[in-house]
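Structural overview for review
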Amino acid sequence: MNTKSSLSAELESAVVKDHPRQVALLLNVGHALDHLFLLIFATAVGAIATEFGFAHWEDLMPYSVGAFFLFGIGSVPAGRLGDLWGRRQMMLVFFFGLGVAALLTSLAQGPWQLAGGLALIGIFASIYHPVGIPMLVQRASRPGAVIGINGLAGNLGVAGAALLTGFLVQWWGWRAAFAVPGVIALACGLAFALLCEPQGPAPGRSRKPPQVVLPPGQLAKALLVMTAAAITGSLLFNFTTNGNTQLLTERFSGLIHDPALIGLLLAIIYTLASLTQVVVGHLIDKIPLKRLYLCMVLAQIPWLVLAAMANGWWLFFALLGAMVCIFGSIPFTDAMIVKYVDDSMRSRVAGMRLAVSFGVSSLAVWLLGPVVKASSFASLFLGMAGIAVCTAAIVLLLPADPQGQAPS
């Protein structure tokens, strides 16, 4: 028995060879940049609105909807190219394209030029999730832990958008908030080209079976549930990350007026919340996915209700609790793809899921300004608590893990 287990372990180690550390690091940095670029505008919108002559920041928010819509729709061709052309090649397009798009956006002279630059950022940013994450887990011996660390990196990018953008806007203006990360993305692309060796045949020409093989009917149900849960989760993510800067500015009125300090508070919230993903990633390898996912979603509801009512430092702690639970729910959709989908088509499945979820949730960016202007942040957060209830109902429909299944 021991000899059989030892042979199995040796065969597994021969098949699974993790990426070199520097390549894995660059793939994780790519996730951080992906989220950072999508949130630069939301953090700098007040300064941009002032320069472009808008009386209210809410009136400028709809100009960014194209970026989030294309971020979702672009995932479909990106995923297909990742599977059939190669993930390394697509990651090079991601780094260099994102850098050039950010530099062009920094040159915008009006709202429609800005909208065009943001849309271009959205197109190149759409590459990462269906390509970078499948490339990272393609060789992972412990996919849950790898997804957790990758999720941490992505949400450190969210924190970086709040912190870095706040300081760059204060010191050098909003244009530097796009230009400086653009140069960083170009440097990462050059490093990736030098350090990441060719990956062999494209994933679509090989086969690596999923962890759990479901009958076709159950697999279709799992993918449908995964997509629906991703839509509601993306709505919460977009509403909060795009609105939190203005929420803190409003609710800390009379206490804090410095945009850099507001950015620092948000960066603290996002950094602490991001650590949850590492914990969740390790738990995914040990605890049934459905049970863990449901607990994380249910925990969102009381924190969102409290954040709707709180002011000042009470809001800070309520928002921290809400973001811990929202960020902690992010790894589950990627974990489901690894669990149920063959590697030869993971990028395409991820692309389709992202196209639907981010395409629909881009409405959150378009609605954010008008909803807050017509009602209030309190109504917005109570609505998000209702969305969390819907997510919990959707997660209940996931197939249960097979009995006696060994940890991945």
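So, how was this worked out
- Residues numbered from 1 in each chain as written.
- Predicted model: local features only at pLDDT ≥ 70, side-chain atom pairs only at ≥ 80, totals over all residues.
- Heavy atoms only, no water.
- Helix = DSSP H or I, 4+ residues; strand = E, 2+ residues; numbered from the N terminus.
- Buried < 20%, exposed > 50% of the residue type's maximum accessible area, 1.4 Å probe, protein only.
- Contact = heavy atoms within 4.5 Å.
- Areas by Shrake-Rupley, 256 points an atom, 1.4 Å probe, with all protein chains shown as cover.
- Salt bridge = Lys/Arg side-chain N within 4 Å of Asp/Glu carboxyl O.
- Patch = residues over 30% accessible without salt bridge, like charges linked within 9 Å, V, L, I, M, F, W, Y side chains within 5 Å.
- pLDDT = per-residue confidence, 0-100.

1. Observations regarding the overall build of the protein chain
Helix and strand content of the protein chain: 16 helices and zero strands. Buried residues in the protein chain amount to 56% of all 408 residues. Look at the contacts in the protein chain between residues 6 or more apart in sequence, and 87% of them connect residues 24 or more apart. Accessible surface, the protein chain as shown: approximately 16,600 Å² in total, 70% of it carbon and sulfur.

2. Here we look at the environment of Leu118
Residue placement: Leu118 occurs in helix α6 (residues 111–125). By relative accessible area, Leu118 is classed as buried at 4%. Expressed as a C-alpha distance, the spacing of Leu118 and Leu104, which sit 14 residues apart in the sequence, is 9.3 Å. Look past the residues within four positions of Leu118 in its chain and what remains in contact with it is Phe41, Tyr63, Ser64, Ala67, Thr105 and Phe178.

3. What about the pattern of salt bridges?
Enumeration over the complete set of coordinates arrives at one salt bridge. Residue Glu250 pairs with Arg251 through a salt bridge whose shortest N-O separation is 3.8 Å. Of the residues examined, Glu250 reaches a relative accessible area of 42% and is grouped as partly exposed. Overall, Arg251 belongs to the buried group, its relative accessible area being 11%.

4. So, a nonpolar patch on the surface
Judged by side-chain polarity, Leu261, Leu264, Ile268, Leu272 and Leu275 come together as a nonpolar surface patch covering roughly 380 Å² of accessible area. In this structure, Leu261 sits in helix α11 (residues 259–284). According to the relative accessible area criterion, Leu261 is partly exposed, its value standing at 35%.

5. Details of the confidence of the model for the protein chain
Confidence in the prediction for the protein chain averages 78 pLDDT; 82% of positions are at 70 or higher. Confidence drops under a pLDDT of 50 for residues 1–16, and excluding neighbours within four residues, the segment shows three contacts in the predicted structure. Of the regions scoring below 50 in pLDDT, residues 403–408 engages in six contacts with residues more than four places distant in sequence or in other chains.

6. Observations regarding the environment of Phe95
In this fold, Phe95 is placed in helix α5 (residues 87–105). On a C-alpha basis, the gap between Phe95 and Leu33 in space is 8.9 Å, while along the polypeptide they are 62 residues apart. What Phe95 contacts, discounting residues up to four positions off in sequence, is Leu26, Gly30, Leu33, Ala185, Leu186, Cys188, Gly189 and Phe192.

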